[in-house]
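# Examining the three-dimensional arrangement
This is what each chain is made of:
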Amino acid sequence: MKIKGIVTMVLTCCLVLNGCNDIANISGKVSNISKEIKKTSKEIISEGSDSDYISNILDIANPHLWDDAVKKGIKLNGYDNSTFRYALSEGTYSFAYYLIDQGIDLEYEDEYGVNELMYVCDWIYGPEYEKFINKFIKSGCDINHTDANGYILTEHVIVSDEVPIESNIQMKKSISFLMEVGSPVRPETLNIITESKNCGYGSLKLVADKIKVQFPEIKPTNCVEALLLEDRNYFQKNIKTDVQKEELAEKIVFYAAAYGTLEEMKESIDETGVTMRILDSEENNLLMAAALGGNEETFSYL
């Protein structure tokens, strides 16, 4: 690749310089290499293969190089997935912030309808998460965007296979922040929580609580939703029927441990016939579900 050729030239230059005493000669060699780098960079951009050039400048946290790349016509949103996503995947967050300031298309979306804000929610956790979300919102990003499956931001995060659920606590912090900044919910979001393979004990309850506030007339359609909405009457009336449904049975037990009363958890165990050693799809046991859901009574019992 051309970048490798540049590196080879630089290394060769270093060897030449080590054995050269002529200052003028040194200056000339450096100048020639500098011209060759600029020439090669322009060729890469004109050919449309930005990736090598981007890889090169991402390794150097130098805004002057970034300015030069933008002036040369590098695409801010658009090779492969996007330059912005490439910066995120490389962990070069300063370059990603720079691209936002340079005016990337905040509504750019891939073939799955995933825009840059959704991509951030999929892949970034920790302190940078809140910084990026705030940056997008302040820059005028449409927080109500829907992906190709019709999911709004909150729902996209709930069902995403990309969300690193190895840290349920971190996911709870992230979901909590989305709720604070106004990430939308709707009545059907509750059903999406029920169908999601992601457990997210604690974090999904935050979404359900917001749904209950915004849509106080909403009613559960199964016992998982009843536990999220704290509808004890519905749970008691329908537990025997719902545990017969394969897609709900084990989820009822875990959600009862996370959000229900101690009696509701015991009843769900009795009705399903599972043992207290049961593990969910993420290998959480009932004790972990109770801890993540903040259910002190059930946690103490277990």
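Residues numbered from 1 in each chain as written. Predicted model: local features only at pLDDT ≥ 70, side-chain atom pairs only at ≥ 80, totals over all residues. Heavy atoms only, no water.

## Topic: the overall build of the protein
When you go through the protein residue by residue, the secondary structure sums to 18 helices and zero strands. Relative to its 302 residues, the protein shows a buried fraction of 46%. Summarising the internal contacts of the protein: among those between residues at least 6 apart in sequence, 70% fall at separations of at least 24. Counting only carbon and sulfur atoms, one obtains 50% of the accessible surface of the protein, whose full area is about 15300 Å². (Helix = DSSP H or I, 4+ residues; strand = E, 2+ residues; numbered from the N terminus. Buried < 20%, exposed > 50% of the residue type's maximum accessible area, 1.4 Å probe, protein only. Contact = heavy atoms within 4.5 Å. Areas by Shrake-Rupley, 256 points an atom, 1.4 Å probe, with all protein chains shown as cover.)

## Quick notes on the state of the cysteines
Tallied over the full model, the rule gives zero disulfides. With no disulfide partner, cysteine 121 has as its closest neighbouring cysteine sulfur the one in cysteine 141, 9.3 Å distant. What makes cysteine 121 buried here is its relative accessible area of 1%. (Disulfide = S-S within 2.5 Å.)

## Let's talk about the environment of isoleucine 158
Within the secondary structure layout, isoleucine 158 lies in helix α9 (residues 153–159). The exposure class of isoleucine 158 is buried, given its relative accessible area of 0%. Sequence separation between isoleucine 158 and aspartate 122 is 36 residues, and the spatial gap between their C-alpha atoms is 9.8 Å.

## Structural notes on the pattern of salt bridges
Evaluation of the coordinates by the stated rule reveals 13 salt bridges. Between lysine 205 and glutamate 230 there is a salt bridge; the shortest N-O distance is 2.9 Å. Taken together, the residues span a long stretch of sequence, with lysine 205 in helix α12 (residues 203–214) and glutamate 230 in the loop between α13 (223–229) and α14 (232–242) at a distance of 25 residues. The exposure class of lysine 205 is buried, given its relative accessible area of 11%. (Salt bridge = Lys/Arg side-chain N within 4 Å of Asp/Glu carboxyl O.)

## Here's the deal with the confidence of the model for the protein
With 68% of its residues at a pLDDT of at least 70, the protein reaches an overall mean of 74. The least confident element of the protein, judged by mean pLDDT, is helix α1 (residues 2–18) at 42; the most confident is α14 at 94. Scored below 50 in pLDDT, residues 1–24 shows 18 contacts in the model against residues more than four places distant or in partner chains. Low confidence marks residues 29–53, where pLDDT is under 50. Its contacts with residues over four positions away, or in another chain, come to 37 contacts. (pLDDT = per-residue confidence, 0-100.)

## Quick look at the nonpolar core
Counting residues in each nonpolar core, the largest one holds 67 residues, and the members touching the most others are Phe84, Phe132, Phe136, Ile252 and Tyr255. For this core, the leading source of residues is helix α15 (residues 249–259), giving eight residues. (Core = buried A, V, L, I, M, F, W, Y, C linked by side-chain atoms within 4.5 Å.)

## Digging into the packing of aromatic side chains
Counted according to the given criterion, the structure contains six aromatic pairs. For the pair phenylalanine 84 and phenylalanine 132, a centre-to-centre distance of 6.1 Å together with 80 degrees between the ring planes defines the contact as edge-to-face. Remark: phenylalanine 132 occurs in helix α8 (residues 127–138) and phenylalanine 84 occurs in helix α5 (residues 83–89); sequence separation between them is 48 residues. Each of the two residues, phenylalanine 84 as well as phenylalanine 132, counts as buried. Taking the centre distance of 5.7 Å and the plane angle of 80 degrees together, the rings of tyrosine 93 and phenylalanine 132 count as edge-to-face. A residue pair is termed long-range when its members are at least 10 positions apart, and tyrosine 93 in helix α6 (residues 93–102) and phenylalanine 132 in helix α8 qualify at 39 residues. Accessibility expressed as a relative area gives 25% for tyrosine 93, which makes it partly exposed. With a relative accessible area of 0%, phenylalanine 132 lands in the buried category. An aromatic cluster is present here, built from Phe84, Tyr93, Tyr97, Phe132 and Phe136 joined pairwise through their rings. (Phe/Tyr/Trp six-rings, centres within 6.5 Å; stacked < 30°, edge-to-face > 60°.)

## Things to note about the environment of isoleucine 239
Along the chain, the position of isoleucine 239 falls in helix α14. Overall, the relative accessible area of 0% leaves isoleucine 239 in the buried class. Distance from isoleucine 239 to alanine 249, taken between C-alpha atoms, is 9.3 Å for residues 10 residues apart in sequence. Here isoleucine 239 is in contact with Cys223, Ile252, Glu267, Ser268 and Glu271, once residues within four sequence places are set aside.

## Quick notes on a negative patch on the surface
Negative charge collects at one region of the surface, where Glu195, Glu246, Glu247 and Glu250 lie side by side. Relative to the helices and strands, glutamate 250 is located in helix α15. By relative accessible area, which is 42% here, glutamate 250 ends up partly exposed. (Patch = residues over 30% accessible without salt bridge, like charges linked within 9 Å, V, L, I, M, F, W, Y side chains within 5 Å. Lys, Arg positive; Asp, Glu negative; His and termini not counted. Charge placed at Lys NZ, Arg CZ, Asp CG, Glu CD.)

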